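# Observations on chain architecture
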Amino acid sequence: MAFPGEAELISLITPVTDACGLDIEGVKVTRAGRKSVVGIFVDSDIRPDLDLLEQVSQEVSMLLDAAEDRGEVNLGAGYTLEVSTPGVDAPLTAPRHWRRNRGRLVALLEDGKKSTWRVGALAPDESGVVLVRTVKKDREMRVLEFSETPRAVVEIEFSNPPAAETELTGLDYDQALAWQEDNK
């Protein structure tokens, strides 16, 4: 019985996370001698609360223990299971990440340059997202295509966002494109 890889762990725990309406954002296994730490990062459109994370942790723990008892996996002499959300510093790598952060400020790195934008509506086909920002009292809007493989992370804000930006991030995708066309 071998130590499971990330793909095998994801395959094992997917039924639990799917039943709870969660997406697996990552699995990290750290081995330390005979012991190991299994970290599972989950998220959903409705942020999981601590009760849900505890429930998932208990169900995954029972699942992994049963798989060990059957000889399907070996997590070492003892393992620690950690179930959490990815955290605010996790990069936005999938359309669902952008959708979940609508209205939030993101730092975008393109061609070695950093810029900040507010996340608007996701394209209906999930091919891109509307971004909004204020530059010298003017509102600016653009569509970021995911084919551009953007590098972005959420920026922490300690004040309320500008009302003009919030108004634009509230538009649906077609309305945002119309606004952009009208304001060229």
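Per chain, residues are indexed from 1 in the order of the written sequence. Where local features are concerned, this predicted model is filtered to residues with pLDDT of at least 70; where side-chain atom pairs are given and counted, the filter is 80 or more; whole-chain, interface and lining totals use all residues. Only heavy atoms go into the side-chain values, all of them from the structure, while hydrogens and water stay out.

With an unreviewed UniProt entry as reference, the protein is termed Ribosome maturation factor RimP, source organism Corynebacterium pollutisoli. UniProt positions are given in the numbering used here, feature names are shortened, and annotations may be inferred rather than shown by experiment. If you open the UniProt record of the protein and go to Sequence similarities (unreviewed entry), you find "Belongs to the RimP family." If you open the UniProt record of the protein and go to Subcellular location (unreviewed entry), you find "Cytoplasm".

## Some remarks on the overall build of the protein
A tally of regular secondary structure across the protein gives five helices and eight strands. In this description a helix means any DSSP run of H or I spanning at least four residues, a strand means any run of E spanning at least two, and both kinds are numbered starting from the N terminus. Reading the protein from its N terminus to its C terminus gives the helix and strand order α-β-β-α-β-α-β-β-β-β-β-α-α. In this treatment the radius of gyration is a C-alpha quantity, and the globule benchmark scales as 2.2 Å times the residue count to the 0.38 power. A compact globule built from 184 residues would reach a C-alpha radius of gyration of about 16 Å, whereas the protein, at 20 Å, exceeds it by more than 25%. Taken over the C-alpha atoms alone, the protein extends approximately 65 × 35 × 30 Å along its principal axes. A separation of at least 24 residues holds for 58% of the contacts in the protein among residues at least 6 apart in sequence. Working note: accessible area of the protein is about 10700 Å², and carbon and sulfur atoms make up 50% of it. In summary, the charge assignment counts Lys and Arg as positive and Asp and Glu as negative, without counting His or the chain termini. For the purpose of locating charges, the reference atoms are NZ of Lys, CZ of Arg, CG of Asp and CD of Glu. Both charge centroids of the protein, one from 21 positive and one from 33 negative side chains, sit 7 Å from each other. Contacts are assigned to residue pairs with any non-hydrogen atoms lying within 4.5 Å of each other. Using the Shrake-Rupley algorithm and a 1.4 Å probe, accessible areas are obtained, with residue cover drawn only from the displayed protein chains.

## Looking at unusual backbone geometry
Although it is not a glycine, D111 sits at a positive phi angle of roughly 50°. Mapped onto the secondary structure, D111 falls in the loop between β4 (105–110) and β5 (113–122).

## What to know about helix α1 (residues 6–19)
In this model, α1 (14 residues) spans 20 Å end to end at C-alpha, consistent with the 20 Å of a helix rising 1.5 Å per residue. Bend at a residue means the angle formed by two fitted axes: the first through the 7 residues ending at that position, the second through the 7 residues beginning there. Along α1, the helix axis deviates most sharply at I13, where the bend reaches about 45°; the proline P15 sits within four residues downstream. Only protein chains enter the accessibility calculation, which uses a 1.4 Å probe; a residue whose area is less than 20% of its type maximum is buried, one above 50% is exposed, and one in between is partly exposed. Among all positions of α1, only L9, L12, I13, V16 and T17 are buried. Residues of α1 that are buried make contact with β1 (23–32), β2 (35–43) and α2 (50–69). One less than the residue count of a helix, multiplied by 1.5 Å, gives the span that helix is expected to have.

## Quick word on the sheet that holds strand β8 (residues 151–154)
Any two strands are treated as partners once DSSP identifies two or more bridges connecting them. A sheet is described by the order of its strands in space; here five strands give the open sequence β7-β6-β5-β4-β8, paired in antiparallel fashion. Every other strand in the sheet has two partners, leaving β7 (138–145) and β8 as the edge strands with one partner each. In this sheet, neighbouring strand axes are inclined to one another by 40° on average, regardless of whether the strands run parallel or antiparallel. Where β4 meets β8, four bridges bridge the pair, whose relative direction is antiparallel. Looking across to β8, one finds that V106 is bridged to V154. Here helix α5 (residues 173–182) sits on the sheet and contacts β5, β6 (128–135) and β7; the angle it forms with β7, its principal contact strand, is near 125°. Lines fitted to the C-alpha atoms define the axes, with helices restricted to the stretch that makes contact. Angles between their N-to-C directions range from 0 to 180 degrees.

## Let's talk about the sheet that holds β2
Taken together, three strands build an open sheet; the order of strands is β1-β2-β3 and the sheet is mixed. Either end of the sheet is taken by a strand with one partner, and the two such strands are β1 and β3 (78–84). The average undirected angle you get between the axes of adjacent strands in this sheet is 15°. Looking at chain direction, β1 and β2 are connected through nine bridges and run antiparallel. When the sheet's bridge partners are listed, D23 is paired in β2 with D43. Most of the contacts of α2 go to β3, to which it runs at about 150°, and overall it touches β2 and β3.

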